[in-house]
Amino acid sequence: MHALVNLRQFIELLRANNQLLTIDTPVDPYLEIAEIHRRVIAQGGPALLFTKVKGSRFPVITNLFGTNLRLELAFGKRPLNFVRGLVDLVEQALPPTLSSLWHARSLLNQGLKVGLKRCTAGPILDCCQQPARLTELPMLTSWHSDGGAFVTLPLVYTEHPDGLGHNLGMYRIQRFDDTTTGIHWQIHKGGGFHYFAAEQQNKALPLTLYIGGPPALMLAAIAPLPENIPELILASLLQGEKLRVVDDPLGGHQLVAEAEFAIKGRVPPHIRRPEGPFGDHYGYNSLQHDYPIFQTTHLYHRKDAIYPATVVGRPKQEDYFIGDFLQDLLSPLFPLVMKGVVQLKTFGETGFHCLAAARVTDRYPREAFAAGLRILGEGQLSLTKFLLVTDGSIDVAHFPRLWQHILERIEWDRDLFVFANVSQDTLDYTGPSVNKGSKAMMLGLGQEKRRDLPVEFAGILPPQCSHPRAFLPGTLVVQGIEYAAAPHLADEIARFPGVSSWPVVVLVDSTEEATCSLQEFLWTFFTRFEPAADIHGREQTVRRFHVGLQPPIVFDCRMKPWYTEVLAVDPATQRLVDDKIATILPSRFR
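Here goes a summary of the coordinates provided.

Basis of the calculations
- Residues numbered from 1 in each chain as written.
- Predicted model: local features only at pLDDT ≥ 70, side-chain atom pairs only at ≥ 80, totals over all residues.
- Heavy atoms only, no water.
- Axes fitted to C-alpha atoms, helices over the stretch in contact; angles between N-to-C directions.
- Helix = DSSP H or I, 4+ residues; strand = E, 2+ residues; numbered from the N terminus.
- Parallel < 35°, antiparallel > 145°, perpendicular 65-115°, else oblique.
- Left-handed = near helix turned anticlockwise from the far one by under 90°.
- Contact = heavy atoms within 4.5 Å.
- Nonpolar A, V, L, I, M, F, W, Y, C, P; charged D, E, K, R; others polar.
- Phe/Tyr/Trp six-rings, centres within 6.5 Å; stacked < 30°, edge-to-face > 60°.
- Buried < 20%, exposed > 50% of the residue type's maximum accessible area, 1.4 Å probe, protein only.
- Pairing = 2+ DSSP bridges.

With their axes 10 Å apart at the nearest point, helix 3 (residues 68-75) and helix 10 (residues 318-330) run at an angle of 50° to one another. Judged on the interaxial angle alone, helix 10 and helix 3 are oblique. When you trace helix 3 past helix 10, the crossing you get is right-handed. Facing Asn68, Leu71 and Phe75 of helix 3, the residues of helix 10 in contact are Phe321, Ile322 and Phe325. Grouping the amino acids of the contact of helix 3 with helix 10 by side-chain chemistry returns 5 nonpolar, 1 polar and no charged.

Below, the structure written as structure tokens:
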């Protein structure tokens, strides 16, 4: 497989494999492109190349990575095999011997191709705008509630002001005018740390915003790497050869030679501006908040530049497939950086941060708890809201089997840990305020199960509840009236004799919607509760400073008055696309 060093090579590969649909009908980047994209990805459809975009001379391509097949076409098995080989080398060949190095010679040869290659010229320097004219770029507005047009595949490059490495991350960019944007640096993210350090020194932070480039560059920006692991090196590994860079004639950061767009500028200290709202990957609307601003100085682009974009929203979207690919790629590294962790999975159905599961070793009493703490203290994994932990011989990526396994073994008075008053993902509004909330760890340990789980409901429900359904063994989904009318309903259910035989009750607004599929169950369950506020037990005890619960354990997963609204297409956009969809898409993708 030849290295894909730029976007157009990938586009030609997609075209050759019938994975690209070219749309020549004029389309609008305001809401219309996003709705077409959503309909195609829901059908497992191809990448979309829009050649006539209203208000811009640049074509737009979306859904580049929206299936496992396209990720396979882009990267193949080589990066995963390299990571596995590297882990094997570390585990088996240390200290190194001549024999072990000889057997690893193929791996070492691949390692020599990882890094940066400085070039004297590159396509990114074809055209320069000084000052930048950002309104000429076909930035998308994806939802009618969005606060404006956003770069939805931003590759944000910064360097630590003290020379302590670089960061390439995906932080959303809202266009304010021709030369200014917002920069949504969330907590626990490398670019935000760089800006914090610069601001402490009262300095502006130089920033380069890439849009498009080698497929490897785009995925490296998303990867949840440990702090101080350079994303450009991962990009080179994914690409299969050194990443080409070129000097900027106007000074500052070097530029990725094969990028489509590179926007240079600075983020001044102590200046904030309202950014948002924005429909995010949890499937809800994130609200407007104050964030730093990016003041651009100049913009480079290829003369035939293509503008890549994505659309986020209620899972599953394109980021779901990217996240799973990156987990598979990086998972062999987890046991090296987190001792005792055998397998780790974060669930894209919940927006990734809301639910994670781990298989760990438990060789001495409560070693599993220590492994869980390592996960909750590792980089972006520290934003995990709910962590399931087991030492069983089970694939933790298979949620129904994992959940049953844990419910059969958990000791509710000692194996559920809730950590209150901690940081929470910026996009998760279930907590008391932005960036604040709680997290929980739930253990199910041992080879032998402690109990059999009920699979049919034959009891009665308390008033204000209806539509019971045993969705998984030991898990009863119950529909309740809205939270505002009965905020204590979950507590009442936990004490109601009619459900006492059930270990877990999930209280929702609509049983039908929450149980129509496993994906909807996971999304409804784990994106709509905060551990410290919404977990209730029949009894609560405090022993040795640990809060223990007695089942049934009720998770209140109803929408609360302070939650933001679920994302939905507005009627006007739906009608607009309905009226022209037959001329745009083949019937199988509508």
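That covers the picture; the talk isn't over yet.
Summed over the entire model, instances satisfying the criterion amount to 30 aromatic pairs. Relative to Phe399, the ring of Phe347 lies with its centre 6.1 Å away and its plane at 85°, an arrangement referred to as edge-to-face. Placement of Phe347 in strand 21 (residues 341-347) and of Phe399 in helix 13 (residues 399-407) is noted, with a sequence separation of 52 residues between them. A relative accessible area of 1% places Phe399 in the buried class. Pairing Phe457 with Trp502 gives two aromatic rings, centres 6.4 Å apart and planes at 55°, and the pair type is tilted. One end of the pair, Phe457, is in the loop between strand 25 (436-444) and strand 26 (465-472); the other, Trp502, is in the loop between helix 14 (489-494) and strand 28 (504-508), and 45 residues separate them in sequence. Since its relative accessible area comes to 22%, Phe457 is described here as partly exposed. For Trp502, a relative accessible area of 2% corresponds to the buried category.

Spatially, 3 strands are ordered 4-12-13 in an open sheet, and the strand pairing comes out mixed. The strands lining the two open edges of the sheet, one partner per strand, are strand 4 (116-119) and strand 13 (255-256).

Moving on, we come to the sheet that holds strand 20 (residues 307-309). The strand order 1-2-3-20 describes an open sheet built from 4 strands, whose pairing is mixed. Looking at strand neighbours, the two that pair on one side only are strand 1 (20-23) and strand 20, the edges of this open sheet. Across the sheet, the axes of successive neighbouring strands diverge by a mean angle of 20°, strand direction being ignored. Sheet analysis places strand 1 next to strand 2 (residues 47-50), joined by 4 bridges and oriented parallel. When the bridges of strand 2 are listed, Leu20 appears paired with Ala47. Packed onto the sheet, helix 2 (residues 32-42) meets strand 1, strand 2 and strand 3 (60-62) and runs at close to 155° relative to strand 2.

In this section: the environment of Leu137. Here Leu137 shows up in the loop between strand 5 (127-129) and strand 6 (150-151). Not counting residues within four places of it along the chain, the set of residues in contact with Leu137 comprises Ser56, Phe58, Arg175, Ile211, Phe261, Ile263, Leu299 and Tyr307.

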